[in-house]
Amino acid sequence: MSPAARLRGLKPDWLSDPTVWRTEVLAGLVVALALIPEAISFSIIAGVDPAIGLFASFTMAVTIAIVGGRRAMISAATGAVALVIAPLNREHGFGYLVAAVILAGVFQIVLGMLGVAKLMRFVPRSVMVGFVNALAILIFMAQVPEMTDVPWPVYPLIVGGLVLMVLFPKVTTVIPAPLVSIVVLTVITAAAGIAVPTVGDKGALPSSLPTPGLPDVPFTLDTLTVVAPYAFAMALVGLMESLMTAKLVDDITDTRSNKTRESIGQGIANIVTGFFGGMGGCAMIGQTMINVRVSGARTRLSTFLAGAFLMVLCIAFGPVVSDLPMAALVAVMVMVSFGTFDWHSIAPRTLRRMPAGEITVMVLTVAVVVATHNLAIGVVVGSLTAMVVFAKRVAHLAEVTAVVDPDGGQVVYRVTGELFFASSNDLVTQFDYATDPDRVVIDLSATHIWDASSVAALDAIETKYAQRGKTVEITGLNDPSAHLHGKLSGEFAGSH
């Protein structure tokens, strides 16, 4: 291969394909417009100036585009992070909030290096479906305040925007339908002089770029003890939301992403954001759906441009952006919420076929997320419930069958199934200690010992027979089970 051909192979898609370039640029613009009211709203939740949320969205998106592990995913200021750090800002001031953001970034880098991303394999599909559906509900619920106690023209404008986004792709997909909808509704309201809530009503846009600096806090141990709990909570919430979103984008695009790189990248992005006086953030699922599913973006360029356009729109085109009707952006987010919801998961045919335990896990995940407005809590509760359901299901798989020799000299108990803390609890009760002959053989060739609880149960069985002067022989252990049993057997004397 020639050097020129090798160089062409190293070029990103958007440099060599004009179609990809156009898609990525337009997607970045749509996402930037959708980020503005969200960033302002999250600033209000955190109790900071709207410019702080906009700065955070700019630095998060631009940084994660370079260092992140999932292409085309959008990271910016989020409601989940705002809820975590709001009490710190309220009680100790903005300097402590910034310090928490930087420390959270450090925690995320450490957690990423420790392999926290590998924990994603323990998130079951039912929790993932519940997460997606809860997210869709939260996106819709966030739009409800924009549709209550507003002038009546807001409603036809929202409906018009939704109709445009449904019909326009049938004409052409060259320009993203949400961008067309935003432009058309803005032109209509401006030309007709319709008085409806605008982006400018949310708060003033910044007029200059953020400048780097250190947080205004005393660098003491007391400050660290105040900041650390909030920083760690923010790190966990941010990583959970980002890794779940990355997994969702993997499924949508049929591509794999580097979750460890994404974890470390989130940390770097938060450190950069903190030094620029931002409020921190993580992956934004609604805006990511606009970017990936609605606009068709697939590269880092769209993520980078979403942040860059955000600052350009605020600083260079502030007056124009301030006049955008909120109805146009609400219509986009309502469309995103409907597109994000997994309608197949609640179809009667699906519900009839799905095991009751999995439906319970999905519904509980949705209920907890919607009740707490915290996706991370919902995922943790859902995953723990799924583990309990699984443990309960396999706890009954360990069965004991007895075969007595014709001469009555010994009895052979054959154990089948998996032995772990849930199934081994009932194991002790399945032996006839009083009437069994003097020699007892326990055949474990059809099972596997997984934990100390199972070894303790076997020890207890041997002890009960020994108290009656009977001997027990355990046979058929596979190598891992034999190793665990040999290492732990006899260590639990007196525990029963």
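Residues numbered from 1 in each chain as written. Predicted model: local features only at pLDDT ≥ 70, side-chain atom pairs only at ≥ 80, totals over all residues. Heavy atoms only, no water.

*Asks:* Can you walk me through the pattern of salt bridges in this structure?
*Replies:* Note that side chains of opposite charge can pair when their charged atoms are close. Enumeration according to the criterion identifies 5 salt bridges in this entry. Glu146 is the partner of Lys202 in a salt bridge, and the nearest nitrogen-oxygen pair spans 2.5 Å. With Lys202 in the loop between helix H9 (177-192) and helix H10 (221-253) and Glu146 in the loop between helix H7 (125-143) and helix H8 (154-171), this pair connects stretches of sequence that are 56 residues apart. According to the relative accessible area criterion, Glu146 is buried, its value standing at 17%. Its salt-bridge partner being Glu473, residue Arg439 comes within 2.6 Å of it at the nearest N-O pair. With Arg439 in strand E5 (residues 439-449) and Glu473 in strand E6 (residues 471-475), this pair connects stretches of sequence that are 34 residues apart. Relative accessible area serves as the criterion here: at 32%, Glu473 is assigned to the partly exposed category. Bridged by salt links that share partners, the residues Arg70, Asp250 and Lys259 form one connected network. (Salt bridge = Lys/Arg side-chain N within 4 Å of Asp/Glu carboxyl O. Helix = DSSP H or I, 4+ residues; strand = E, 2+ residues; numbered from the N terminus. Buried < 20%, exposed > 50% of the residue type's maximum accessible area, 1.4 Å probe, protein only.)

*Asks:* I'm lost on the environment of Ser126 in this one. Help?
*Replies:* Assignment of secondary structure puts Ser126 in helix H7. Along the chain, Ser126 and Phe390 lie 264 residues apart, while their C-alpha atoms are 12 Å from each other. Once residues lying within four places of it in the same chain are set aside, the contact partners of Ser126 are Glu358, Val361 and Met362. (Contact = heavy atoms within 4.5 Å.)

*Asks:* Hey, could you run me through the packing of helix H5 (residues 79-92) against H10 in this one?
*Replies:* When two helices pack together, their arrangement is given by the angle between the helix axes and the distance between those axes. H10 packs onto H5 with a crossing angle of 165° between their chain directions and a minimal axis gap of 8 Å. The angle between H5 and H10 places the two elements in the roughly antiparallel class. For the element pair H5 and H10, the recorded crossing hand is left-handed. Along the contact surface, H5 presents Ala80, Val81, Val84, Ile85, Pro87, Leu88, Glu91 and His92, while H10 presents Val226, Tyr230, Ala233, Met234, Val237 and Glu241. (Axes fitted to C-alpha atoms, helices over the stretch in contact; angles between N-to-C directions. Parallel < 35°, antiparallel > 145°, perpendicular 65-115°, else oblique. Left-handed = near helix turned anticlockwise from the far one by under 90°.)

*Asks:* Sorry if this is basic, but what is going on with the sheet that holds strand E4 (residues 410-419) here?
*Replies:* Each strand in a sheet pairs with its neighbour through backbone hydrogen bonds, running either in the same direction (parallel) or in the opposite one (antiparallel). Overall, mixed pairing links the 4 strands, which are arranged E3-E4-E5-E6 in an open sheet. Each edge of the open sheet is held by one strand with a lone partner, namely strand E3 (399-404) and E6. On average, each strand axis in the sheet is tilted by 20° relative to the strand beside it, whichever way the strands run. Of the pairings in the sheet, the one linking E4 to E5 comprises 9 bridges and is parallel in character. From the neighbouring strand, Gln410 faces E5, where its bridge partner is Arg439. Together, E4, E5 and E6 form the strand contacts of helix H19 (residues 452-466), whose direction differs from that of E5 by roughly 175°. (Pairing = 2+ DSSP bridges.)

*Asks:* Would you take a moment to explain the packing of aromatic side chains for this structure?
*Replies:* We describe a pair of aromatic rings using the distance from one ring centre to the other and the angle between the two ring planes. Taken as a whole, this structure holds 9 aromatic pairs when the rule is applied. Taking the centre distance of 4.5 Å and the plane angle of 45° together, the rings of Phe341 and Trp343 count as tilted. For Phe341, a relative accessible area of 15% translates into the label buried. You can call Trp343 partly exposed: its relative accessible area is 45%. Each member of the aromatic cluster is reached from another via a ring pair, and the members are Phe140, Phe338, Phe341 and Trp343. Lying across the ring of Tyr433, Lys464 places its NZ or CZ 5.9 Å from the centre. (Phe/Tyr/Trp six-rings, centres within 6.5 Å; stacked < 30°, edge-to-face > 60°. Lys NZ or Arg CZ within 6 Å of the ring centre and 35° of its normal.)

*Asks:* What's the story with the nonpolar core in this structure? I'm lost.
*Replies:* Within soluble globular proteins, side chains that are nonpolar tend to cluster in buried spots. Core analysis: the biggest nonpolar cluster contains 104 residues, and Ile36, Leu54, Phe131, Met279, Ile290 and Leu310 have the highest contact counts within it. Among the elements that make up this core, the one with the highest residue count is helix H3 (residues 18-46) (12 residues). Core analysis: the second largest hydrophobic core is formed by 21 residues, Ala398, Val415, Leu427 and Ile449 among them. (Core = buried A, V, L, I, M, F, W, Y, C linked by side-chain atoms within 4.5 Å.)

*Asks:* Looking at this model, I keep getting lost on the pairing of E5. Mind explaining?
*Replies:* Extensive coverage of E5 is indicated by the burial of 8 of its 11 residues. The sheet contact formed by E5 and E6 spans 5 bridges and is parallel. Its bridge partner lying in E6, Val441 is registered against Glu473. As for the winding sense of the linkage, the β-α-β connection from E5 through H19 to E6 is right-handed. (Right-handed = clockwise from strand over helix to strand, strands pointing away.)

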